[in-house]
Amino acid sequence: MRVLKFGGTSVGSPERIKNLAQLVQTDESRIIVLSAMAGTTNALVEITELLYQEQNDLANEKITELEQQYRDRIDDLYASEEYKSKGNELITSHFNYIRNFVFRSFTTLQEKAILAQGELISTAMFHYYLSESGVNSVFLPALNFMRIDKDGEPDYFYIKENLDRILSEETEHNLYITQGFICRNVYGEIDNLKRGGSDYTASLIGSVLQSEEVQIWTDIDGFHNNDPRYVENTKALEQLSFDEAAELAYFGAKIMHPSSIMPCKSQSVPVRLKNTLSPTDAGTLISNDLVGKGIKAIAAKDGITAIKIKSGRMLLAYGFLRKVFEVFEIYKTPIDMITTSEVAVSLTIDDNSNLKEIESELAKYGSVEIDQNQSIICIVGDFISESAGSAKKVLGALENIPLRMISYGGSKHNISVLVNQEDKIAALQALSSQLF
Ligand code: ADP
Ligand code: ASP
Ligand code: MG
């Protein structure tokens with residue numbers, strides 16, 4: 001069984017949905033995971049924000065606007081009156097459901113239910129389109145098997161047991177359509193795997209079924225060696241290891257959701273990144289194999305806060321770092337980068353929700369300095385065989401950029417530097433032009 005995930009742009013218009021229907025048909029068994037049509041989840045987020053602010057009339061306007069877009073799409077997508085009317089009924093029922101939450105007290109429960117509508121609509125539209133075109137497929141509601149536990153982590157046991165059962169009940173057809181992103185939580189309520197989480201859905205399914213391959217289809221020809229949104233002439237990589245891809249995805253390479261690497265890595269299920277707009281391109285293969293030497297790719301993550309704790313008492317003392325780390329543990333705030341000197345330690349976080357509390361706790365151990373709006377630039381490759389040369393090349397390329405922190409040696413395949421967010425694009429461009 002292969003798992004193929006198609007992102008928002010791949011289902012972004014009636015034309016794209018029609019192309020997709022061609023692309024997914026083969027004799028092999030496949031599970032197709034779809035995102036919401038591009039722009040829909042953002043629009044739903046906007047609607048939920050208005051509902052939180054009790055701007056109900058404005059929310060209603062946005063709902064009507066989005067509904068009209070879908071009515072136009074239905075009209076373009078289906079050829080027959082029968083399916084146009086089925087499609088319109090579908091839109092009516094989902095938008096009535098959304099409207100149901102206007103003028104009522106609004107909580108995260110309702111928010112999650114609204115955010116789920118994008119994937120529920122796109123998959124149903126696609127399923128109807130296949131059916132109108134005479135292609136048999138099985139609708140596989142993600143809410144019947146995808147589930148997170150009380151810590152928000154995937155409930156692997158539940159997912160596997162239910163998916164196995166549902167698949168074993170269906171013996172006639174081999175093309176399954178399901179929703180990315182959405183799931184149920186431990187209370188059985190509608191929840192989701194966070195923004196961009198459809199990649200994670202595909203990876204979880206691939207992992208529990210021990211699929212031969214998970215394919216992530218998007219609007220670009222693979223994992224590029226630098227962020228194509230900021231740098232020109234970036235190139236798709238043929239191959240990456242899971243560890244390399246994990247570093248890049250975590251540090252900002254938007255093409256993959258950072259959580260989507262681990263499930264496939266743990267079961268050695270290869271992941272292939274493919275371009276819906278150019279399906280014959282080779283794309284990028286991500287597997288447990290480490291191929292190639294030297295510097296491979298660069299990514300950047302914004303919104304980073306650097307915290308420096310300086311203490312005379314750190315000199316020759318033990319236990320200082322433990323106390324510092326404990327503060328972050330208490331506030332459930334992950335640390336990304338760390339650098340130390342004999343009198344101070346600097347570290348970075350990307351979750352500022354408890355920054356004030358963390359700052360006042362840390363002040364017990366020394367003076368605390370905070371710099372917000374920083375970016376981590378992560379340079380990935382094989383730095384063992386060519387370590388001396390690589391570090392020199394990276395720092396040389398960044399000679400005109402002020403560096404706040406440098407982290408090297410934490411793993412075999414990563415050098416990270418911290419820069420001011422406003423220097424990020426210049427840093428990415430300098431690295432690209434001098435390293436590749
Ligand atoms: P989808 O909606 O299909 O999930 P995304 O927008 O989430 O697509 O991811 C694809 C986008 O990721 C690309 O269009 C590109 O702009 C961006 N991107 C950022 N970094 C990279 C990278 N290193 N390689 C490829 N794409 C990247
Ligand atoms: N539709 C969701 C989002 O926009 C999930 C996804 O596209 O992966 O975040
Ligand atoms: Mg995505």
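Scroll up a little and you will see the structure.
Below, the structure is looked at part by part. Everything quoted here is computed from the prediction, not taken from an experiment.

Side note on the site of ligand 1
In the vicinity of ligand 1, 16 residues are found, and the nearest of them are Lys5, Thr218, Asp219, His224 and Lys254. With respect to ligand 1, the side chain of Lys5 contributes an N or O atom lying 3.0 Å from an oxygen atom. Within the backbone of Gly8, a nitrogen or oxygen atom sits 3.3 Å from an oxygen atom of ligand 1. For ligand 1, the accessible surface in isolation is 570 Å², of which the surrounding protein chains cover 86%.

Some thoughts on the site of ligand 2
As a structural note, the neighbourhood of ligand 2 is formed by Ser35, Ala36, Thr41, Glu119, Phe181, Arg195, Gly196, Gly197 and Ser198. The contact in question runs from a nitrogen atom of ligand 2 to an N or O atom on the side chain of Thr41, over 2.8 Å. One of the side-chain nitrogen or oxygen atoms of Arg195 is found 2.7 Å away from an oxygen atom of ligand 2. Taken by itself ligand 2 offers 260 Å² of open surface, and the protein chains cover 86% of this. Partitioned by chemical class, the residues of the shell around ligand 2 number 2 nonpolar, 5 polar and 2 charged.

Topic: the sheet that holds strand β8 (residues 239–241)
Backbone-to-backbone hydrogen bonds pair the strands of a sheet. The strands run either parallel or antiparallel. One open sheet holds the 8 strands; their spatial order is β3-β4-β2-β1-β7-β9-β10-β8, and the pairing between them is mixed. Each having just a single partner strand, β3 (138–139) and β8 make up the two edges of the open sheet. Bridging between strand β1 (residues 2–6) and strand β7 (residues 213–218) involves 5 bridges; their strand directions are parallel. Across the sheet, residue Phe6 finds its bridge partner in β7, namely Trp217.

Thoughts on a nonpolar patch on the surface
A cluster of nonpolar side chains, contributed by Leu395, Leu403, Ile406 and Tyr408, occupies part of the molecular surface with about 320 Å² of accessible area. Along the chain, the position of Tyr408 falls in strand β15 (residues 405–408).

Here we look at the pattern of salt bridges
In the structure shown here, the tally under the stated rule is 25 salt bridges. With a closest N to O distance of 2.6 Å, Glu28 and Arg30 form a salt bridge. Residue Glu28 is classed as partly exposed on the basis of its relative accessible area of 26%. Judged by its relative accessible area of 10%, Arg30 is buried. Residue Lys296 is joined to Glu244 by a salt bridge in which the shortest nitrogen-to-oxygen separation is 2.8 Å. Linking Lys296 in strand β11 (residues 294–310) with Glu244 in helix α9 (residues 242–250), this pair joins segments that are 52 residues apart in sequence.

Points about the pairing of β15
Covered by surrounding structure in β15 are Met405 and Ser407 only, the residues Ile406 and Tyr408 on the alternate face being uncovered. Pairing between β15 and strand β16 (residues 414–420): 4 bridges, direction antiparallel. Looking at the pairing, Tyr408 lines up with Ile415 of β16. Connecting β15 to the next strand, β16, in antiparallel fashion are 5 residues, including Gly409 with a positive phi near 95°.

Notes on the environment of Pro14
Take Pro14: it is sitting in helix α1 (residues 14–23). Separated by 63 residues in sequence, Pro14 and Leu77 have C-alpha atoms that sit 4.9 Å apart. Not counting residues up to four positions away in its chain, the partners in contact with Pro14 are Arg73, Asp76 and Leu77.

Conventions we followed
Residues numbered from 1 in each chain as written. Chains lettered and ligands numbered in written order. Predicted model: local features only at pLDDT ≥ 70, side-chain atom pairs only at ≥ 80, totals over all residues. Heavy atoms only, no water. Near = heavy atom within 4 Å. Polar contact = N/O pair within 3.5 Å; in protein donor to acceptor, adjacent residues only side chain to side chain. Areas by Shrake-Rupley, 256 points an atom, 1.4 Å probe, with all protein chains shown as cover. Nonpolar A, V, L, I, M, F, W, Y, C, P; charged D, E, K, R; others polar. Pairing = 2+ DSSP bridges. Helix = DSSP H or I, 4+ residues; strand = E, 2+ residues; numbered from the N terminus. Patch = residues over 30% accessible without salt bridge, like charges linked within 9 Å, V, L, I, M, F, W, Y side chains within 5 Å. Salt bridge = Lys/Arg side-chain N within 4 Å of Asp/Glu carboxyl O. Buried < 20%, exposed > 50% of the residue type's maximum accessible area, 1.4 Å probe, protein only. Contact = heavy atoms within 4.5 Å.

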